[in-house]
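Architecture and fold: a report
Now for the letters of each chain:
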Amino acid sequence: MSRKPIIAGNWKMNNNKAEAKELVDGIMYGISQLDGSKMPEVVIAPSYTALWQAYDLIKNEPKIALAAQNVNPNPSGAYTGEVSINMLQDFKVKYVIIGHSERRQMFGETDEFINKKAKAILANSMLPIICCGETLEQREAGVTDSHLASQITKALQGLTSAEVEKSVIAYEPIWAIGTGKSCDSTEANRTIGEIRKVVANLYSQDTADKIRILYGGSVKPSTIVEQMAQSEIDGGLIGGASLKAESFVDLIKGAM
Ligand code: PGA
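Attention in this report is confined to the structure presented alongside it. Not measured: the values here are computed from a predicted model.

Here we take up the site of the ligand. The environment of the ligand is made up of 13 residues, and the closest members are Lys12, His100, Glu172, Gly178 and Ser218. At a separation of 2.7 Å, an oxygen atom of the ligand approaches a polar side-chain atom of Lys12. In this structure, Glu172 approaches the ligand through a side-chain N or O atom, which is 2.7 Å from an oxygen atom. In the complex, 94% of the free accessible area of the ligand, which totals 280 Å², lies under the protein chains. Looking at side-chain class alone, the shell around the ligand contains four nonpolar, seven polar and two charged residues.

Pasting the structure below:
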C-alpha cells in the first residue's frame, strides 16, 4: 500500500510577519532545488496572523499546502477570539491540526469538541490532522495503546470511511514533544501500527491502509530518515525543527 508521505511544519506560536516571510521564502528556495516528483506532500501551519501572507507567497507553488493550527467548528457568531472554517477557506487552507496535546492540556479541549471539529472540517472540504498521544505516566503505566484507541475512536465518531481515508492522524507522544527526546523509531512504528488496527476495527482494513499516520515529537533532520524507513510511519508533524528553512528542507529531503 503506497501512501504519499507528508512533512508538516507546525509553527505553533512563532513567527511574526517578517519572520514568516523569511521562513516561507527559504522553504520555497529550498524546494525549488529538489526533484518535485520525489517530494513528500509539504504542509506548513503558520499562526492565524501569518496565514494571509503565507497564502500569498505560496499561491503559485503547488508543492506547499497550508494548514491552520486550530479552528472553531461553529459556522459564525459570538465566539470571541475564534476563527471559523469559512475564514480559513479564504486562504485555501487544506488541513487543520486538531486535538494537539497543547490544546488538550492548556486549553481544555475535549474528545467531543475535537470530534465536532473533525466533522465540520470534513463537511467543508478541508482535512483534519488529528493528533493523539500519551503522557509519560500513561506510557509507564502500560496504558498507551488503550488511551490512543480511546482518543482515536472518539475523534472519528460518526465519520464515514471515505472521510477517514482522506484524513490524517498524527501520533505525538506528549513526553517527546519539544523535549529533544524522540520516541524510538521501532516503538513509534509499533504504536502507529496499533492505531491503524483501531481504524481497521472501526472501519475496514482498506480504510486503515489508506489513512496517513504521521509521527510527531522532536523529529529532527538527524532522525527523519530512520523514522521514514518504518513501514507504518507516513511522515512527520514537526514543531521546533520546522522553524528554520534549512532544517525544514532537510526534513523534506529526508522523506524523499
Ligand atoms: P516538536 O513538536 O517537533 O517541537 O517536538 C511537535 C508538535 O508538537 O507537533
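Among all residues save glycine, negative phi is the norm, and among peptide bonds the norm is trans. Phi is positive for Lys12, which is not a glycine, with a value near 55°. By secondary structure assignment, the location of Lys12 is in the loop between strand E1 (6-10) and helix H1 (17-32). Overall, the relative accessible area of 21% leaves Lys12 in the partly exposed class.

Relative to the 26 Å expected for 18 residues at 1.5 Å per residue, helix H9 (residues 185-202) spans 26 Å between its end C-alpha atoms, a close match to the ideal helical length. For H9, every residue scored as buried is listed here: Ser185, Glu187, Ala188, Asn189, Thr191, Ile192, Gly193, Ile195, Arg196, Val198, Val199 and Ala200.

Let us now look at the pattern of salt bridges. Tallied over the entire structure, the rule returns 22 salt bridges. Its salt-bridge partner being Lys38, residue Asp35 comes within 3.3 Å of it at the nearest N-O pair. Ionic pairing is found between Asp234 and Arg196, a salt bridge with its closest N-O pair at 2.8 Å. One end of the pair, Asp234, is in the loop between helix H11 (221-228) and strand E8 (235-238); the other, Arg196, is in helix H9, and 38 residues separate them in sequence. Each member of the pair, Asp234 as well as Arg196, carries the same accessibility label: buried. Each of Glu134, Arg139, Asp145, Glu187 and Arg190 takes part in salt bridges that share partners, so that together they form one network.

So, on to the side chain of Asn74. Considering the arrangement of structural elements, one finds Asn74 in the loop between strand E3 (64-68) and helix H3 (85-89). Within polar-contact distance, the side chain of Asn74 engages the side chain of Lys116 at 3.4 Å.

An order of E1-E2-E3-E4-E5-E6-E7-E8 is seen for the eight strands of this closed barrel, with the pairing classed as parallel. Geometrically, the sheet is characterised by an average inter-axis angle of 25° between neighbouring strands, direction not taken into account. Relative to E8, strand E7 (residues 212-216) runs parallel, the two being bridged by two bridges. In the strand pairing of E8, Tyr215 is matched with Gly236. Against the sheet, helix H5 (residues 111-123) makes contact with strand E4 (93-98) and strand E5 (127-132), and its axis sits at roughly 170° relative to E4, the strand it touches most.

What counts, and where the lines are drawn
All residue numbers here refer to positions counted from 1 along the written sequence of the relevant chain. Per-residue local features of the predicted model are confined to residues with pLDDT of at least 70, and side-chain atom pairs are confined, for both listing and counting, to 80 or more; whole-chain, interface and lining totals are unaffected and use all residues. With hydrogens and water excluded, all non-hydrogen atoms of the structure serve as input to the side-chain values. Working definition: residue near molecule or strand if any one of its non-hydrogen atoms lies within 4 Å of it. Nitrogen and oxygen atoms within 3.5 Å of one another constitute a polar contact, given that in protein one can donate a hydrogen and the other can accept it, and given that sequence-neighbouring residues count only through two side-chain atoms. Each accessible area value is a Shrake-Rupley result obtained with a 1.4 Å probe; residue values ignore everything except the protein chains displayed when judging cover. Throughout this entry, Asp, Glu, Lys and Arg are counted as charged residues, while Ala, Val, Leu, Ile, Met, Phe, Trp, Tyr, Cys and Pro are counted as nonpolar. The remaining residues, Gly among them, count as polar. Labels follow the DSSP assignment, with helices taken as runs of H or I lasting at least four residues and strands as runs of E lasting at least two, numbered in each case from the N terminus. Partly exposed describes any residue whose relative accessible area lies between the buried limit of under 20% and the exposed limit of over 50%, with all areas from a 1.4 Å probe on protein chains only and scaled to the type maximum. To estimate the expected span of a helix, subtract one from its residue number and multiply by 1.5 Å. Basic side-chain nitrogens of Lys or Arg form a salt bridge, by our definition, when they fall within 4 Å of a carboxyl oxygen of Asp or Glu. Should DSSP find at least two bridges between two strands, the strands are regarded as paired. Fitted lines through C-alpha atoms serve as axes, helices being fitted only where they are in contact, and the angles separating the N-to-C directions of these axes extend from 0 to 180 degrees. We call two residues in contact when some of their heavy atoms are within 4.5 Å.

Keep in mind these values describe shape, not function.
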